[in-house]
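Observations on the model geometry
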Amino acid sequence: MPREEDSEEGVKEKEHALAGVASMNGDEIHVRVKDITTGQEVFVALGGWDTVGVLKKRLEGKGMGGFDAQRLVHAGRILGNDETLMAAGVAKQPQVRMW
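Note that the structure is predicted; figures quoted are calculated from it, not measured. (Residues numbered from 1 in each chain as written. Predicted model: local features only at pLDDT ≥ 70, side-chain atom pairs only at ≥ 80, totals over all residues. Heavy atoms only, no water.)

All right, on to the overall build of the chain then. Along the chain, the regular secondary structure elements total two helices and five strands. Its helices and strands taken in sequence order, the chain reads α-β-β-α-β-β-β from the N to the C terminus. By the burial criterion, 36% of the 99 residues in the chain qualify as buried. For the chain, the share of sequence-separated contacts (at least 6 apart) that also reach a separation of at least 24 residues comes to 49%. For the chain, the computed accessible surface area is about 6200 Å², with 52% contributed by carbon and sulfur atoms. (Helix = DSSP H or I, 4+ residues; strand = E, 2+ residues; numbered from the N terminus. Buried < 20%, exposed > 50% of the residue type's maximum accessible area, 1.4 Å probe, protein only. Contact = heavy atoms within 4.5 Å. Areas by Shrake-Rupley, 256 points an atom, 1.4 Å probe, with all protein chains shown as cover.)

Mapped onto the elements of the fold, Val42 is located in strand β2 (residues 41-47). Along the chain, Val42 and Met64 lie 22 residues apart, while their C-alpha atoms are 8.8 Å from each other.

Core analysis: the biggest nonpolar cluster contains 18 residues, and Val31, Val33, Leu55, Leu59, Leu72, Leu85 and Val90 have the highest contact counts within it. Secondary structure elements with two or more residues in this core: β1 (28-35), β2, α2 (52-61) and β5 (95-98). (Core = buried A, V, L, I, M, F, W, Y, C linked by side-chain atoms within 4.5 Å.)

Taken as a whole and judged by the stated rule, the model has zero aromatic pairs. The ring centre of Phe67 lies 5.3 Å from the NZ or CZ of Lys56, which sits over that ring. (Phe/Tyr/Trp six-rings, centres within 6.5 Å; stacked < 30°, edge-to-face > 60°. Lys NZ or Arg CZ within 6 Å of the ring centre and 35° of its normal.)

This next bit is on the confidence of the model for the chain. When pLDDT is low, close inspection of the predicted coordinates is not appropriate. In this model, the chain carries an average pLDDT of 83, and 74% of its residues clear a pLDDT of 70 or more. At the low end of the mean pLDDT range in the chain sits helix α1 (residues 8-18), at 46; at the high end sits strand β3 (residues 72-74), at 98. Residue range residues 1-5 is modelled with pLDDT below 50. Its contacts to residues more than four positions away, or to other chains, number four contacts. Confidence drops under pLDDT 50 across residues 10-26; counting only partners more than four residues distant or on other chains, this segment forms 18 contacts. (pLDDT = per-residue confidence, 0-100.)

Of the two faces of β5, only one is covered, namely that formed by Val96 and Met98; the face formed by Gln95 and Arg97 stays uncovered. Relative to β5, β1 runs parallel, the two being bridged by four bridges. Paired with Val33 across the bridge in β5 is Val96. Relative to β5, β3 runs antiparallel, the two being bridged by two bridges. Residue pairing across strands places Val73 opposite Arg97, the latter belonging to β5. (Pairing = 2+ DSSP bridges.)

Among the surface-exposed residues, Ile36, Ile78 and Trp99 lie close enough to one another that they form a single nonpolar patch of about 310 Å² accessible area. Among the structural elements, Trp99 can be located in the segment after β5. (Patch = residues over 30% accessible without salt bridge, like charges linked within 9 Å, V, L, I, M, F, W, Y side chains within 5 Å. Salt bridge = Lys/Arg side-chain N within 4 Å of Asp/Glu carboxyl O.)

Set out below in structure tokens:
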């Protein structure tokens, strides 16, 4: 008899739970970005030494607004374009809000 967590629904729940967790394959980080005005949510894979500016360029390419119009917030503060994701703390807690 298949276990409940092996069911398709169980697998989806596990994937959802892991979606906001950094993948430490090298220094790759899977960042979850949620636009608080539209509710749109995207995932972006970056390196820990990439800057917030690189993240903004990737978001722009995914249709999440222009580079200069994006305001990214992590842990209650607005992120600067020149900060690395590691220095900003995004590598440890890869969830960012955008407006």
